[in-house]
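# Coordinates in review
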Amino acid sequence: MQLRAAILSITAALPLLCTPATAQVSDSQLIGMMGLTDVSVKDKQMQHGRELRGRLADGTWIEAEFRSNGELEEIESKNGGFPIASVSALLPDAVKANPSFPHGATLRKLEFGSKIEMEGRTAEGRKFEAEFSSDGTLLEFDLD
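What this report covers is the structure whose coordinates are included nearby.

Thresholds applied
- Residues numbered from 1 in each chain as written.
- Predicted model: local features only at pLDDT ≥ 70, side-chain atom pairs only at ≥ 80, totals over all residues.
- Heavy atoms only, no water.
- Buried < 20%, exposed > 50% of the residue type's maximum accessible area, 1.4 Å probe, protein only.
- Helix = DSSP H or I, 4+ residues; strand = E, 2+ residues; numbered from the N terminus.
- Arc of directions from axis to C-beta.
- Contact = heavy atoms within 4.5 Å.
- Core = buried A, V, L, I, M, F, W, Y, C linked by side-chain atoms within 4.5 Å.

Of the positions making up helix α2 (residues 27-34), those classed as buried are D27, L30 and M34. Relative to the axis of α2, the buried residues are bounded by an arc of 70° and lie together on one face. In α2, those exposed residues whose orientation departs by more than 90 degrees from the buried face are S28 and G32. Tucked inside the fold, the buried residues of α2 contact β1 (37-43), β2 (50-55), β3 (61-66), β4 (72-76) and β5 (82-83). After α2 finishes, the residue G35 shows a positive phi value of roughly 65°.

Printed below as a string of structure tokens:
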């Protein structure tokens, strides 16, 4: 009987352990959140989903890719960075509450999937890569 109860409790917890890190945001919400101008949206070639390009107030270009179901897949800047504060609303509170969360960072890339991945520079200017689960657990943090 105890074995059955243990199996049932583990089975019940599986959805929590496997919950993907997703971000539901519309084009217009992302544009407003990041203060983008010169925006263009196009469907991805040979794939499902769409790509949004826009310019930040400082002139930095960003690209955001959306999956076919509307979920935000990633935001990336090839020629600069974007303040983590500009995308803070997309991140789970548990991730932002983690002591290793890089407050004040400038991101080059933010990805949503089975985990939340980010690359950029800390507030002190050091390069970093970090991975968090959607429940806020730090999975990896590399600092150069």
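By size, the foremost hydrophobic cluster in this structure holds 28 residues, and its most contacted members are L72, I75 and M118. Looking at this core, the elements with two or more residues in it are α2, β3, β4, β6 (106-112), β7 (116-121) and β8 (127-132). Beyond its immediate sequence surroundings of up to four residues, L72 is in contact with A23, V25, L30, A64, E65, F66, R67, L90 and F112.

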